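Chain by chain, the residues:
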Amino acid sequence: MKRHAAREKAFQLLFQLDLLDEDVEITIQERLEEEEQDEFLVHLVNGVVRHKQDIDNVLAENLENWSLPRLPAVEKTVLRIATFEINFLEDVPTNVSINEAVEIANRYGDEKSGKFVNGVLSKIIK
């Protein structure tokens, strides 16, 4: 599985986990076919779940005129994935994380989602 597809699938799983508060391992087993259980995908999902509090702290510090609980679920999930990549994955260039996040936000959010995500992530990396 290519990393873009893994990020998109991770977004879908994390979005669901956040809304339904399910167990991560059960969700991965139930929602992914065996051939979809890519190492990078599973690492993203587990990493975001494991570091959620640290990630949310970074996001809260970099949101302007927003609070984390008020963020739409799409933007919050995309930002969590990108923040995890930026802060915890050394093998992923920051610009790749940002570009992928903006693309996923544009696909699943509204017309302003990509710009919003780009703005928050740009503030995080400064």
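For the structure itself, consult the block above.
A brief look at the structure comes next. (Residues numbered from 1 in each chain as written. Predicted model: local features only at pLDDT ≥ 70, side-chain atom pairs only at ≥ 80, totals over all residues. Heavy atoms only, no water.)

## A look at the overall build of the protein chain
Argument step 1. Counting its regular elements, the protein chain contains seven helices and zero strands.
Argument step 2. Its helices and strands in sequence order give the protein chain the pattern α-α-α-α-α-α-α, from N to C terminus.
Argument step 3. Scaling as 2.2 N^0.38, a compact globule of 126 residues should have a C-alpha radius of gyration of about 14 Å, and the protein chain matches this with 13 Å.
Argument step 4. By principal-axis analysis of the C-alpha atoms, the protein chain measures approximately 40 × 30 × 30 Å.
Argument step 5. Looking at the protein chain residue by residue over its 126 residues, the buried ones come to 46%.
Argument step 6. Sequence separation of 24 or more characterises 69% of the internal contacts of the protein chain that already satisfy a separation of 6 or more.
Argument step 7. Approximately 7,100 Å² of the protein chain is accessible, and the part contributed by carbon and sulfur atoms is 46%.
Argument step 8. With 15 positive and 25 negative side-chain charges, the protein chain shows a spacing of 7 Å between the two charge centroids. (Helix = DSSP H or I, 4+ residues; strand = E, 2+ residues; numbered from the N terminus. Rg over C-alpha atoms; globule rule 2.2 N^0.38 Å. Buried < 20%, exposed > 50% of the residue type's maximum accessible area, 1.4 Å probe, protein only. Contact = heavy atoms within 4.5 Å. Areas by Shrake-Rupley, 256 points an atom, 1.4 Å probe, with all protein chains shown as cover. Lys, Arg positive; Asp, Glu negative; His and termini not counted. Charge placed at Lys NZ, Arg CZ, Asp CG, Glu CD.)

## Side note on helix α2 (residues 24–31)
Argument step 1. All of the buried residues in α2 are Val24, Thr27 and Ile28. Axial view of α2: buried residues confined to an arc of 100 degrees, hence all on one face. Structural note: α2 exposes Gln29 and Glu30 on the side pointing more than 90 degrees away from its buried face.
Argument step 2. For α2, the secondary structure elements touched by its buried residues are α1 (3–20) and α3 (39–50). (Arc of directions from axis to C-beta.)

## Thoughts on empty space enclosed by the protein
Any space left empty among the atoms is revealed by the rolling of a water-sized probe across them.
Argument step 1. This structure, assessed with the given rule, holds one cavity of 30 Å³ or more.
Argument step 2. Lining of the largest cavity is provided by Arg7, Val78, Ile81, Ala82, Glu85, Ser97, Glu100, Ala101 and Ile104.
Argument step 3. Only α5 (73–88) and α6 (94–108) provide two or more residues apiece to the lining of the largest cavity.
Argument step 4. For the lining of the largest cavity, the per-class residue count stands at five nonpolar, one polar and three charged. (1 Å grid on protein atoms, 1.4 Å probe; cavity = no way out; pocket = protein on both sides within 12 Å on 5 of 7 lines; lining within 4 Å. Points joined across faces, edges and corners; volume = space filled by probe spheres on them. Nonpolar A, V, L, I, M, F, W, Y, C, P; charged D, E, K, R; others polar.)

## Focus: the side chain of Glu75
Argument step 1. Relative to the helices and strands, Glu75 is located in helix α5.
Argument step 2. Of the side chains with opposite charge, Lys76 lies nearest to the buried Glu75, which makes no salt bridge, at 9.5 Å.
Argument step 3. Those residues in contact with Glu75 that lie beyond four places of it in its chain are Asp110, Ser113, Phe116 and Val117. (Salt bridge = Lys/Arg side-chain N within 4 Å of Asp/Glu carboxyl O.)

Purely geometric stuff here, so don't read any function into it on its own.
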